[in-house]
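Coordinates in review
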Amino acid sequence: MHRNSFDVIRIPTNGPGDVSGLMALIDSGALEPSSILAVLGKTEGNGGVNDFTREYAVAALCNVLSSRLKLAPREVEARIAFVMSGGTEGVLSPHITVFTRSPAPEGVGENPSEKRLSVGVAHTRDFLPEEIGRDAQIEETTKAVEAAMRDASIDAVSDVHFVQIKCPLLTSERVQDAGARGRTTVTASGYASMGYSRGASAIGVAKALGEIGAEVGEDQVLKDWTPYSSVASCSAGIELMHNVVILIGNSRLSSSPFTIGHAVMRDAIDLPAVMRALESVGLSGIDAQSQSRLVNVLAKAEASPDGAIRGLRHTMLEDSDINATRHARAAVGGLIAGVSGTGAVYVSGGAEHQGPAGGGPVAVIARA
């Protein structure tokens, strides 16, 4: 089978429409635009239903890449997997992480005993509003994750360390559309629909990777917190009606100079889990050597649904001014930034069925 080479580049941004860092790399010849496979970003919006910084960022990237790829912006979006997560509360710093894939030169990195970072992408079909948060979304996500594994040339589920999904949400117009056709949506609340969409998508990941049984379905979404995926990271947005999948793991068919590992946080203050994730790729923390090898940390953040962490009450769920997901991103972002020595880490809020209740996966990409 053919081997691929992957590159991972983290680029700071000055705003959701800032493409200057990306274009500087392209103009200097350091980045070939045709090799871009996926872009994962953090934007400084509120992370809610009306966070248009996500759509703005994708539009800016598609528009600027359009001329370089000689494609229409909509064709760029179909070719490259874009996932933008809103919310950079606390010390989190807006940035994008660009993943590229190109054929590896003959004989380069051919060590059959060594696995290196590999990335695969896939898309589901568009969903009807009434399918969001339900079995249709679960089943289509399962198929897309399996397709992304094949795209990444990863055979063993144990080699999958992070599955990032961008999923849709409900708006009042989408709810009305379903009603006009005699259908009922899982909820009439746009904000609540984000949790249902993330949860159903995560269940789909867990099914694809054999983490849960085939019998788990929509009846468990946001009701039974037992089923979860230890590698799923799902972010809901208004800008699409399908799921975009970016699957990251290690493969023997990759000649990448990078590797990825992960751990699972049991709650928002689980520092030992963050350290285990760093150690899984040979890093120890914020010493100079680790800093030079660290590429990015990818994590999910969640306010525990029972309103307490290790027996002590918190007020994230009762704050009428700031949503709980924003509190959680700030808390987990600060924890990870303190260990990794940078605020330019990817922390996404809302970890329904993504790790145990109140916790979430944390993955680390590093130079091997």
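Above: the structure in question.
Residues numbered from 1 in each chain as written. Predicted model: local features only at pLDDT ≥ 70, side-chain atom pairs only at ≥ 80, totals over all residues. Heavy atoms only, no water.

1. Examining the overall build of the protein chain
As a reminder, the rule being used: In this description a helix means any DSSP run of H or I spanning at least four residues, a strand means any run of E spanning at least two, and both kinds are numbered starting from the N terminus. Computation of the radius of gyration draws on C-alpha atoms, with the globule rule given as 2.2 Å multiplied by the number of residues to the power 0.38. Under the scheme applied here, a residue whose accessible area is under 20% of the maximum for its type counts as buried, over 50% as exposed, and between as partly exposed, the area being computed with a 1.4 Å probe on protein chains only. Throughout, a contact is declared for two residues whenever any of their heavy atoms are within 4.5 Å. This count recognises Lys and Arg as positive and Asp and Glu as negative, with His and chain-terminal groups excluded. For charged residues, the charge sits on one atom: NZ in Lys, CZ in Arg, CG in Asp, CD in Glu.
Each helix and strand counted, the protein chain has nine helices and 14 strands in total. For the protein chain, whose C-alpha radius of gyration is 19 Å, the value lies close to the compact-globule estimate of 21 Å for 368 residues. Considering only C-alpha atoms, the protein chain reaches an extent of 55 × 50 × 40 Å along its principal axes. When burial is assessed residue by residue, the protein chain has 60% of its 368 residues classed as buried. Excluding contacts between residues fewer than 6 apart, the proportion of contacts in the protein chain whose partners are at least 24 apart in sequence is 81%. Counting 32 positive and 41 negative side-chain charges, the protein chain places the averaged centre of each group 2 Å from the other.

2. So, the sheet that holds strand β10 (residues 294–301)
Spelled out, the test is: Two strands pair under a simple rule: DSSP has to find at least two bridges between them. Here, axes are lines fitted to C-alpha atoms. For helices the fit covers the stretch in contact, and angles between N-to-C directions go from 0 to 180 degrees.
An order of β9-β14-β10-β13 is seen for the four strands of this open sheet, with the pairing classed as mixed. The open sheet is flanked by β9 (258–265) and β13 (346–349), the only strands paired with a single partner. Each neighbouring strand pair of the sheet contributes to a mean axis angle of 10 degrees, computed without reference to strand direction. Examined bridge by bridge, β9 and strand β14 (residues 360–367) share eight bridges and lie antiparallel to one another.

3. Some remarks on the pattern of salt bridges
The condition that has to hold: We count a salt bridge whenever a side-chain nitrogen from Lys or Arg sits within 4 Å of a carboxyl oxygen from Asp or Glu.
Within the structure shown, the criterion is met by 15 salt bridges. Between E239 and R54 there is a salt bridge, with the nearest N and O atoms lying 3.6 Å from each other. You can see E239 sitting in the loop between β7 (232–237) and β8 (244–251) and its partner R54 sitting in helix α2 (residues 53–69), a full 185 residues away along the chain. The burial state of E239 is the same as that of R54; both residues are buried. One salt bridge connects R198 with E352, and the closest N-O pair in it is separated by 2.7 Å. Placement of the pair is R198 in helix α6 (residues 190–208) and E352 in the loop between β13 and β14, with a sequence separation of 154 residues. Like E352, R198 is buried. Through salt bridges with shared partners, a single ionic network connects R125, E131, E140 and K143.

4. Describing α2
How we decide: Working rule for helices: expected span equals 1.5 Å times residues minus one.
A rise of 1.5 Å per residue sets the reference length of α2, with its 17 residues, at 24 Å; its end C-alpha atoms lie 24 Å apart and thus fit the reference within 8%. Regarding α2, the residues found buried are T53, R54, A57, V58, A60, L61, C62, V64, L65, S66 and L69. Looking one or two places after α2, you find K70, whose phi comes out positive at around 55 degrees.

5. A few points about the packing of aromatic side chains
Applicable threshold: In summary, the pairing rule links any two rings of Phe, Tyr or Trp, Trp by its six-membered ring, whose centres are within 6.5 Å, and it sorts them by plane angle into stacked for under 30 degrees, edge-to-face for over 60 and tilted for everything else. Lysine NZ or arginine CZ positioned within 6 Å of the ring centre and within 35 degrees of the ring normal marks a charge as sitting over the ring.
By the definition in use, this model includes zero aromatic pairs. Cation over ring: K42 sits above Y346, and NZ or CZ is 5.7 Å from the ring centre.

The values reported here are purely geometric and, on their own, carry no functional implication.
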